Amino acid sequence: MSRCGAGVRSRADPALDTLVIQALNGLASASSLFLVASGLTVIFGVSRIVNFAHGSFYMLGAYLAWTLVSHGPLAGLGGFWGFWGGILLAALAIGLIGALAEMTILRRIYRAPELFQLLATFALVLVVQDLVLLFWGPDDKFGPRAPLLRGAVEILGLRFPRYELFLIAIGPVMLGLLWLLFHRTRFGILLRAATQDREMVAALGVDQRLLFTGVFFLGSALAGLGGALQLPREAVTIHMDMAIIVQVFVVVVVGGLGSLPGAFLAALLISELHAFGILAFPRITLVLVFLVMAVVLVLRPHGLLGREPEGAPPASEAGQPLPGPAPRWLRGLGWAALALLLALPPFLGEYPLILLADFAALVLFAASLHFIMGPGGMASFGHAAYFGAGAYAAALLARHLAAPMEAGLIAAPFFAGLVGLAFGWFCVRLSGVYSAMLTLAFAQIAWSLAFQWIEVTGGDNGILGVWPSEWARGRLAFWYLSLALCGLGVWLLRRAIHAPFGMALRAQRDSPLRAEAIGIDAFRIRWLAFALAAAAAGVAGSLFAYGKGSVFPSSLDIPRSVDALLMVLLGGVQTLSGPVLGAIAYAGLQEQLARLTDLWRLVLGLVILALVLFFPSGLAGALQRRRGA
Amino acid sequence: MLRVEGLHAHYGRAHILHGVSLALAKGEVLCLLGRNGAGKSTTMKAIMGLVPPSAGAVLLDERELAGQPPHAIARLGLGYVPEERRIFAGLTVSENLEVGRRPPRAGLQPWSADRIFALFPALATMRQRAASRMSGGEQQMLAIARTLMGNPTLLLLDEPSEGLAPVVVERMAVAVAKLKAEGLSILLSEQNLGFAAAVADQAVVLESGSVRHTGPMAELMRDAELRAKFLSV
Ligand SMILES: Nc1ncnc2c1ncn2[C@@H]1O[C@H](COP(=O)(O)OP(=O)(O)OP(=O)(O)O)[C@@H](O)[C@H]1O
Ligand SMILES: [Mg+2]
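Residues numbered from 1 in each chain as written. Chains lettered and ligands numbered in written order. Predicted model: local features only at pLDDT ≥ 70, side-chain atom pairs only at ≥ 80, totals over all residues. Heavy atoms only, no water.

## Focus: the sheet that holds strand E9 (residues 202-207) of chain B
All names here are of chain B. Spatially, E6-E7-E8-E3-E9-E10 is the arrangement adopted by the six strands of the open sheet, whose pairing is mixed. Unpaired on one side and paired on the other, strand E6 (78-81) and strand E10 (210-216) mark the two borders of the sheet. Going across the sheet, the axis of each strand differs from the next one's by a mean of 15°, ignoring polarity. The pairing of strand E3 (residues 29-33) with strand E8 (residues 185-189) spans four bridges and is classified as parallel. Opposite leucine 30, over in E8, you have leucine 187 as the bridge partner. (Pairing = 2+ DSSP bridges. Helix = DSSP H or I, 4+ residues; strand = E, 2+ residues; numbered from the N terminus. Axes fitted to C-alpha atoms, helices over the stretch in contact; angles between N-to-C directions.)

## Quick look at the domain arrangement of chain A
Residue and element names in this part refer to chain A. Taken domain by domain, chain A comprises domain 1 (9-239) and domain 2 (353-558). The centre of domain 1, based on its C-alpha atoms, is set 35 Å off from the matching centre of domain 2. Each side of the interface is counted separately: domain 1 has five residues, and domain 2 has six residues. Carbon and sulfur atoms supply 92% of the area that domain 1 and domain 2 bury against each other, a total of about 460 Å² over both sides. Our count for the domain 1 to domain 2 interface comes out at zero salt bridges. On inspection of domain 1 and its partner domain 2, the count reaches zero residue pairs in polar contact (both at pLDDT 80 or more). Per-element accounting of the side of domain 1 that touches domain 2 gives the leading share, three residues, to helix H5 (residues 114-136). Tallied by class, residues from the side of domain 1 that touches domain 2 come to four nonpolar, no polar and one charged. (Domains from an automatic or database assignment. Contact = heavy atoms within 4.5 Å. Buried area = accessible area lost by both parts, 1.4 Å probe. Salt bridge = Lys/Arg side-chain N within 4 Å of Asp/Glu carboxyl O. Polar contact = N/O pair within 3.5 Å; in protein donor to acceptor, adjacent residues only side chain to side chain. Nonpolar A, V, L, I, M, F, W, Y, C, P; charged D, E, K, R; others polar.)

## Focus on the site of ligand 1
Residues and elements named next belong to chain B. Around ligand 1 there are 13 residues in total, and Gly37, Lys40, Ser41, Thr42 and Gln191 lie nearest to it. Contacts to ligand 1 include alanine 38, whose backbone N or O atom sits 3.2 Å from an oxygen atom. Between glutamate 83 and ligand 1, the recorded distance is 2.9 Å, taken from a side-chain N or O atom to an oxygen atom. For ligand 1, the accessible surface in isolation is 640 Å², of which the surrounding protein chains cover 61%. (Near = heavy atom within 4 Å. Areas by Shrake-Rupley, 256 points an atom, 1.4 Å probe, with all protein chains shown as cover.)

## Brief notes about the coordination of the magnesium ion (ligand 2)
Residue and element names in this part refer to chain B. Protein coordination at the magnesium ion (ligand 2) comes from Ser41 (OG) and Glu83 (OE), with a distance range of 1.9 to 2.2 Å. Here glutamate 83 lies in the loop between E6 and helix H3 (93-100) and serine 41 lies in helix H1 (residues 40-48), a separation of 42 residues in the sequence. By relative accessible area, serine 41 is classed as buried at 16%. (Donors = N, O, S within 2.8 Å, 3.2 Å for Na, K, Ca; no water. Buried < 20%, exposed > 50% of the residue type's maximum accessible area, 1.4 Å probe, protein only.)

## Concerning the interface of chain A and chain B
Listed by partner, the interface residues are 19 residues for chain A and 22 residues for chain B. Taking both partners together, chain A and chain B bury about 1900 Å²; carbon and sulfur atoms supply 56% of that area. Considering only the surface of chain A that becomes buried against chain B, Arg186, Met200 and Leu204 of chain A emerge as the three largest contributors, covering 32% of it. There are four salt bridges connecting chain A and chain B. Residue arginine 192 of chain A is joined to glutamate 95 of chain B by a salt bridge in which the shortest nitrogen-to-oxygen separation is 2.9 Å. Our count for the chain A to chain B interface comes out at nine residue pairs in polar contact (both at pLDDT 80 or more).

Structure below.
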């Protein structure tokens, strides 16, 4: 969220003219944000898919526009047509790419559980990241100025770029055009109808496939346009996708999923907040934005202008019984693996031991997320917050109090658990996508604190020197410590699932009404489960920190949360061995791929796509089915 | 015109229809009767492809419908009016009709908004009204009107009288009779015997997902014992 607007600012004296310029900056940002957010919200309205890859389409739009404007055949035209033709062509091309993605991948998973769809779109993110690197390289790209809109105008004695004024106008104009599309064309009316009840639309003879492909074309083209229009404003970089997708999620969720006017309003709110936040509280702008999101969602769980989804919710996984005791062969395999893990390491080198310890922490991290997703039926997009809380608890103790590892390992679950209690109190009240988005918001707040509160956390430079105590400094000893603690954590989580607490947890997941009727306080149960999972993630985080000897804000950023999601989903949500298998498969795959090829994201993305399309119940589910068949 | 043979259907693992068979001749009204939960709505959904039949045949003019997606079945001439109406609440009356509109069908007088408003004059005065702000009766009319805009040759009408005041039920019966008089074939589902008797030619009585009786509607109306056995609550 580091988009500083243009214009002249003086922080010392926020006089009226500065405030006006800052408000205008906010409006320009709001327009760009709305363009991208409108695409996401339109796609969600019809397809109910939260498209992580939307940010990637935005980034692709910017790169493609850069190529078209400065290198393509159009560039030869130069001037007006060279520039604006390139921008529009880029938007259209991105629309086509979005439609293609819908036809080849997303179409097959409309009936899959929400999280699987998310997984598939995240795989697209990975694929696009590497493709962009492959085609355009890692260097930032700078576009030309826009013809006719070069230079600045004078407002209250301060210079304000023309292009920003143009952007300010684009937002409302696009809102108007979209309104016309949705109210004055047959396609738009069908889309609105499908947003409400797509089955009924089909029963009236409308081929939904065309609608869906159409809506992906429209939404992706809007993302592409949003990206292309950034060209004269800021450098095109390979980090644009993640930066924008988080902002856009915030806008869309605050506005109300599926609501265009809501997205417009939220884009204004968030952008102005950001613009003025920089004046008033330059250090906590990021926290501010996510705080507003949290407040909005607590007060209006469906966003500013969102409505509670009517009619039948999309088919979700029916409540599944707790998997019985693991089949004999699996248990045998587990014991054999444990024996190997105990007996083999003395013969291993340094590097494999480091890897093994990392894997152990990741397994516990995945198991903790699985605890709330599987038996709890909740989703978290921000589980890294608790992993990071544990890591930072250890690191802060080491840095500020010179505390030994033992103290850090004990403090980590308590600290992470407390953070979990605090964040969970808000998150577990909501359900589905909104709850997941709130977890994301809180994780971003935590990340912003780690990133911006430099005095305490060291900011981007992290905290170094987080070493284990003397006795555990050897790689072998540290591995046994990791194995013991993570094994204990996973075992305790499994015990909790089988205990009355776990039964109550599953009861509220399967049938909230019935659970309430037999006296289960669903809120309390969910809240406690959330905190418990957070504490377990904290242990994993602290071990990870001691293993690396350092902590950085990346230990609680979005990619790490996504890692956890991928591990759980790969393993399969409804099996107990899932998170273990998933963590090992995912981390192992990533590790191997990173060593084999520079394009590991591409390969990993393709592998995930293949898994989602062919093994929708995860690895453990697939194994069990094979045995059962 | 419509022939259903040995139709089976499941919701998840629950086996709901156990070999339903029925035949409907062109221009006729056939009424599905049966207590709550007998399987009337499920039969319609299975014909429409909304609940994919797990076995059996659905033939429209000897063309197999089973296994086709709902939109294809609709395009072949089936018009479905669900029991819950499922009008698009956020859309206006005109927009709801627009969603249902399909190209004219050879040999049929095409439906237009004007022709709809002639059939349901109540709707004519509220073209721009949001469907969410309509009474139950008006919503039912709109649901039928929306489906008619697709120029169906066969109408699946699921309990059109449900939850309506007696006066409105009567008006609905008049409208259905008018549609029948214009040559539309109708598969009706009803619990209101008066309504059914007023418009139906044939009756099929369902119980627990199986056909228990097939015969002319008039015969069923004469046979009090039969009615007591399958229909009284
Ligand atoms: N979505 C569903 N999932 C599971 N079972 C269902 C579902 N819909 C209906 N059923 C079951 O299928 C059976 C038949 O239902 P159906 O709706 O076809 O009955 P009906 O004859 O239309 O009843 P009514 O007169 O109440 O409308 C019932 O036992 C019902 O409980
Ligand atoms: Mg029914």
